[in-house]
Amino acid sequence: MIGSARSWREKPQRYRYQAARCSGCGKVFFPPRVVCDKCRGRSFETQVLAGSGVIETYTVIHIAPSGFTDEAPYAVGVIRLDDGVRITGQIVDCKPEELAVGARVRREFRKVTEDGPSGVIHYGYKFVPES
Amino acid sequence: MEVGIVGYGAYVPRHRIKVEEIAKVWGADAPTYKKGLMLREKSVPSPDQDVITMSVEAARHALTRAGIDPQRIGAIYIGSESHPYAVKPSGTIVADAIGASPDLHCADFEFACKAGSEGMFVALSLVKAGEMDYALGIGADTSQGAPGDALEYSAAAGAAAFIMGREKILAVCEHTYSYTTDTPDFWRREYQHYPRHAGRFTGEPAYFQHLLSCARNLMENSGTTPEDFQYAVFHQPNGKFPMRAAKILGFPKEKIEQGWLAPTLGNTYSGSSPMGLSAVLDVARPGDRILMCSYGSGSGSDGFIFRVTEAITEVQKAAPQTREQLENNPIYIDYGTYAKFRGKIRKLEA
């Protein structure tokens, strides 16, 4: 169970893919950080992450954690976005055996999980094959 | 002052189920259903898709075409009969996801299959009244059909979004009209999973009476005839009804076909005629006139006359087109997977 508050706090990242770009050295953080671990800078600008990228690596989850058991087997991958930022996300609308490193994917807005049938629904990003 | 559509977009889920796959489970005759409903297959939402996720994708496509700052959108109205929450608006989540919050009006609409077109009308009217620069109307549904019921062959999923405005209009709205009466042809009571319908009563006194009256009165009020239109889009509870309505009104098949998505999409309820309109806008040429009439049980029909402008050609390919999404890369599923996706399997309580 994620609860209402955490999901609400993470809206800029889960809904709008807003990363923080260090004003000093340009390093991009997703999710944002208070202090840059490269130059110790504390000033950041908002950067919206690119909507597409390639699969850099992935794994297939067969034994899923609670809340995701109905989805197994499903793929989770590290996606190198077209702006160079790498993020982790589920890859859906495909069979895991059809996936390949280097394949292009794009981001879509999806339900991520829900706090049971009467609880809050948590939305966010997942990736789908581009073609 | 002219107002109209300044951005539009649709979303179609990738999964499909064929009529044969449903018919074999219920011992029904697939060819009879395919011929009777003029329907071959329908879209199915993934377990992680709902009215909100599809509305966000459709709205993002509309924003791409409109090329406007989402902060300038003054209202969001989503029409659906499958809002994920009974209490908590779908529109607030969509507004936050597309970056339109917090300076805007928002409410969810419900009027069976015409809640989306009502949302479009209100959005259009607020812009026309000068209350705001832009307003967003969305029709979306993950339609419900009871297992074994005739509705199960058609109840589908999809969304279409329209940003209304006064600048850089893609399709000017020249006239609107709505025809509304109390007609109990289809309904779903509180806490019920599936809707019920009154069988053949859904035809003549319901769909045809309202939709044909809407189209006729709209054309009479505007001094137009079918010859004045290059395209017509009617609500599509199946493939057959809109074709029959077109024939009665005097629209030839070629003016209907582009927006006639039901044979491979199914009935996307509140998304139905709005998605047909988005498919027409994808190919319409400057100067074309489009007649659109929705139908929602209970009952009502909203009519619009749009005139396409020069600006349309620049944006038609700026975002995924409706038929491209419908025709490219479908994933066919069997009835077991469909039953799991749609939550039709009773499981142990967690």
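Since we're looking at a predicted model, the values are computed, not measured.

**Observations regarding the domain arrangement of chain A**
Bring the parts together and some accessible area is lost; that lost area is often taken as the interface size. All names here are of chain A. Each assigned domain of chain A is listed with its residue range as follows: domain 1 (1-48) and domain 2 (50-131). Between the C-alpha centres of domain 1 and domain 2 the distance comes to 20 Å. Taken together, the contact pairs 13 residues of domain 1 with 13 residues of domain 2. Counting each side, the surface lost to burial between domain 1 and domain 2 is near 1100 Å², with a carbon and sulfur contribution of 62%. Viewed at the interface, domain 2 and domain 1 are joined by zero salt bridges. Linking domain 1 to domain 2 there are three residue pairs in polar contact (both at pLDDT 80 or more). Looking at the side of domain 1 that touches domain 2, the elements with two or more residues in it are helix 1 (4-9), helix 2 (11-14) and strand 3 (44-48). Residue classes in the side of domain 1 that touches domain 2 are distributed as seven nonpolar, five polar and one charged.

**Brief notes about the interface of chain B and chain A**
On the side of chain A, 19 residues touch chain B, which itself brings 23 residues to the contact. Contact between chain B and chain A buries roughly 1700 Å² in total, counting both sides, with carbon and sulfur atoms accounting for 47%. On the chain B side of the interface with chain A, the three residues burying the most area are Asp48, Tyr85 and Asp96 of chain B, jointly 29% of the side's total. Linking chain B to chain A there are four salt bridges. Its salt-bridge partner being Arg110 of chain A, residue Asp48 of chain B comes within 3.0 Å of it at the nearest N-O pair.

**A few points about the domain arrangement of chain B**
Residue and element names in this part refer to chain B. Taken domain by domain, chain B comprises domain 1 (4-171 + 317-341) and domain 2 (173-312). Inter-centroid distance (C-alpha atoms) of domain 1 to domain 2 is 16 Å. Residue-level contacts link 56 residues of domain 1 with 53 residues of domain 2. In this structure, the connection of domain 1 to domain 2 is made through 27 residue pairs in polar contact (both at pLDDT 80 or more). The set of elements that each furnish at least two residues to the side of domain 1 that touches domain 2 consists of strand 1 (4-11), helix 2 (30-37), strand 3 (41-44), helix 5 (115-128), strand 6 (134-142), strand 7 (157-165) and helix 11 (322-327). The element contributing the most residues to the side of domain 1 that touches domain 2 is helix 5, with seven residues. The residue makeup of the side of domain 1 that touches domain 2, split by class, is 29 nonpolar, 15 polar and twelve charged.

**Section: the sheet that holds strand 14 (residues 331-332) of chain B**
To summarise the sheet geometry, strands pair through backbone hydrogen bonds and adopt either a parallel or an antiparallel arrangement. Residues and elements named next belong to chain B. Judged by pairing direction, the sheet is mixed, and its three strands sit side by side in the order 3-2-14 without closing on themselves. Two strands bound the open sheet, and with one partner strand each, they are strand 3 and strand 14. Examined bridge by bridge, strand 2 (residues 15-18) and strand 3 share four bridges and lie antiparallel to one another. Each residue of the ladder has a partner; that of Arg16, found in strand 3, is Ser43.

**Quick look at the side chain of Thr268 of chain B**
Residues and elements named next belong to chain B. Checked against the element boundaries, Thr268 lands in the loop between helix 8 (262-265) and helix 9 (272-281). Separated by 3.0 Å, the side chain of Thr268 and the backbone nitrogen of Ser272 make a polar contact. Ignoring sequence-local partners within four residues, the contact set of Thr268 consists of Asp141, Ser143, Ala156, Ala157, Gly158 and Met275.

**Some thoughts on the environment of Arg188 of chain B**
All names here are of chain B. Position of Arg188 relative to the elements: it lies in the loop between strand 9 (186-187) and strand 10 (196-197). For Arg188 and Ala215, which are 27 residues apart along the polypeptide, the C-alpha to C-alpha distance reads 27 Å. Excluding its chain neighbours within four sequence positions, the residues that come into contact with Arg188 are Glu81, His193, Tyr194 and Pro195. A distance of 3.1 Å separates a polar atom in the side chain of Arg188 from the backbone oxygen of Glu81. A polar side-chain atom of Arg188 sits 3.1 Å from the main-chain carbonyl oxygen of Gln192.

**Thoughts on the sheet that holds strand 8 (residues 171-183) of chain B**
Residues and elements named next belong to chain B. Strand order in the open sheet formed by nine strands is 5-4-6-7-1-8-13-12-11, and the pairing between neighbours is mixed. The open sheet terminates on both sides in strands that have one partner only, identified here as strand 5 (105-109) and strand 11 (231-234). On average, each strand axis in the sheet is inclined to that of its neighbour by 20°, with strand direction left out of account. By the bridge criterion, five bridges tie strand 12 (residues 289-293) to strand 13 (residues 298-308) in an arrangement that is antiparallel. Directly across from Cys293, in strand 13, lies its bridge partner Gly303.

**Quick word on the nonpolar core**
Of all hydrophobic cores here, the largest spans 53 residues; its most connected members are Phe109 of chain A together with Ile73, Ile76, Leu136 and Ile163 of chain B. In terms of residue count, helix 3 (residues 51-66) of chain B provides more of this core than any other element does, nine residues in total. Not counting residues up to four positions away in its chain, the partners in contact with Phe109 of chain A are Arg14, Tyr15, Tyr17, Tyr123 and Gly124 of chain A together with Ile52, Thr53, Val56, Glu57, Arg60, Ile93 and Ala97 of chain B. Grouped together as the second largest cluster of nonpolar side chains are 39 residues, Ala115, Met275, Val280 and Phe304 of chain B included.

**Brief notes about the packing of helix 6 (residues 203-222) of chain B against helix 7 (residues 240-249) of chain B**
Residue and element names in this part refer to chain B. Following both chains from N to C, one finds helix 6 and helix 7 inclined at 45°, their axes separated by 11 Å at the closest point. With respect to their mutual orientation, helix 6 and helix 7 come out oblique. Crossing of helix 6 against helix 7: the hand is right-handed. Contact residues: Gly203, Glu204, Tyr207, Phe208, Leu211, Leu212, Ala215, Arg216 and Met219 in helix 6; Phe241, Pro242, Arg244, Ala245, Ile248 and Leu249 in helix 7. Classifying every residue of the contact of helix 6 with helix 7 gives eleven nonpolar, one polar and three charged.

**What to know about the pattern of salt bridges**
For the structure shown, the criterion picks out 32 salt bridges over all chains. In this structure, the salt-bridge partner of Glu10 of chain A is Arg14 of chain A, at a minimum N-O distance of 2.6 Å. What makes Glu10 of chain A partly exposed here is its relative accessible area of 24%. Given a relative accessible area of 14%, Arg14 of chain A falls into the buried group. Across the pair Glu20 of chain B and Lys34 of chain B runs a salt bridge, and its minimum N-O distance is 2.5 Å. Taken together, the residues Glu20 of chain B in helix 1 (residues 19-25) and Lys34 of chain B in helix 2 connect sequence positions 14 residues apart. On the basis of relative accessibility, which here comes to 33%, the residue Glu20 of chain B falls in the partly exposed class.

Conventions and cut-offs
Residues numbered from 1 in each chain as written. Chains lettered and ligands numbered in written order. Predicted model: local features only at pLDDT ≥ 70, side-chain atom pairs only at ≥ 80, totals over all residues. Heavy atoms only, no water. Domains from an automatic or database assignment. Contact = heavy atoms within 4.5 Å. Buried area = accessible area lost by both parts, 1.4 Å probe. Salt bridge = Lys/Arg side-chain N within 4 Å of Asp/Glu carboxyl O. Polar contact = N/O pair within 3.5 Å; in protein donor to acceptor, adjacent residues only side chain to side chain. Helix = DSSP H or I, 4+ residues; strand = E, 2+ residues; numbered from the N terminus. Nonpolar A, V, L, I, M, F, W, Y, C, P; charged D, E, K, R; others polar. Pairing = 2+ DSSP bridges. Axes fitted to C-alpha atoms, helices over the stretch in contact; angles between N-to-C directions. Core = buried A, V, L, I, M, F, W, Y, C linked by side-chain atoms within 4.5 Å. Buried < 20%, exposed > 50% of the residue type's maximum accessible area, 1.4 Å probe, protein only. Parallel < 35°, antiparallel > 145°, perpendicular 65-115°, else oblique. Left-handed = near helix turned anticlockwise from the far one by under 90°.

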